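Residues per chain are reported as follows:
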Amino acid sequence: LSRRVGAERERLAIIAARTAVLVVNLAFLVGSIFGDALLGWPSAVFSVLWAVLLLAVGVWGVAVDRRWVVNAAAVFGALHFYTQWFEYLGAQAISVLAGGLLLIAFGLVLARFNNWIGTRRAGATG
């Protein structure tokens, strides 16, 4: 949408879209923990739907070269993973250690992705 509204409204459209991404992900976070009593959806519905949507949006972001979208999907994907990880495994010593090691690996992969995108963009313009 930001490419269609003209230069004077492009920045506002980007801010609105990014805010919407944050709000929707926070809603899925709450839904994945508590469910929805009004609609009768258990938390598992939100958990599975959120995971599928994060994966789809992340893949789309890579395909259309939207680094912010990819990073947002990755960060909320990690948040979702750890929410479910500790929800089901609890805060035991081994689960905290394994979760920490996975977080380090995840961060390294995301940093490598961002470096790769930055190098690719610099090569395209340079």
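A few points on the structure. Every value quoted in this text rests on a predicted model; they were computed, and no experiment measured them. (Residues numbered from 1 in each chain as written. Predicted model: local features only at pLDDT ≥ 70, side-chain atom pairs only at ≥ 80, totals over all residues. Heavy atoms only, no water.)

### Observations regarding unusual backbone geometry
Most peptide bonds take the trans configuration, and most residues that are not glycine carry a negative phi. The line we're drawing: In this description a helix means any DSSP run of H or I spanning at least four residues, a strand means any run of E spanning at least two, and both kinds are numbered starting from the N terminus. Working definition: with a 1.4 Å probe on protein chains only, accessible area under 20% of the residue-type maximum means buried, over 50% means exposed, and in between means partly exposed.
For Asp-65, which is not glycine, the phi torsion reads 60° and is therefore positive. When you line up the elements, Asp-65 lands in the loop between α2 (43–63) and α3 (67–89). The exposure class assigned to Asp-65 is partly exposed, which follows from its relative accessible area of 29%.

### A short note on the side chain of Ser-95
Convention followed: What makes two residues a contact is simply this: any of their non-hydrogen atoms within 4.5 Å.
Summarising the element assignment, Ser-95 is placed in helix α4 (residues 93–125). A relative accessible area of 5% places Ser-95 in the buried class. Residues within four places of Ser-95 in sequence aside, it is in contact with Trp-85, Phe-86, Leu-89 and Gly-90.

### Considering the packing of helix α1 (residues 7–34) against α3
The criterion, for reference: Fitted lines through C-alpha atoms serve as axes, helices being fitted only where they are in contact, and the angles separating the N-to-C directions of these axes extend from 0 to 180 degrees. These descriptions rest on fixed angle ranges, namely under 35 degrees for roughly parallel, over 145 for roughly antiparallel, 65 to 115 for roughly perpendicular, and the rest for oblique. Note on convention: the crossing is left-handed when the near helix lies turned anticlockwise from the far helix by less than a right angle, right-handed when the turn is clockwise. Note that Gly is not counted as nonpolar here; it falls among the polar residues with everything else outside the nonpolar set of Ala, Val, Leu, Ile, Met, Phe, Trp, Tyr, Cys and Pro and the charged set of Asp, Glu, Lys and Arg.
Put simply, α1 and α3 touch, their axes get as near as 11 Å, and they point 15° apart. For the element pair α1 / α3, the angle class is roughly parallel. Seen along the crossing, α1 lies across α3 with a hand that is right-handed. Contact residues: α1 offers Arg-18, Val-21, Leu-22, Asn-25, Leu-26, Leu-29, Ser-32 and Ile-33, while α3 offers Trp-68, Ala-72, Phe-76, Leu-79, His-80, Thr-83 and Gln-84. Tallied by class, the residues present in the contact of α1 with α3 amount to 9 nonpolar, 5 polar and 1 charged.

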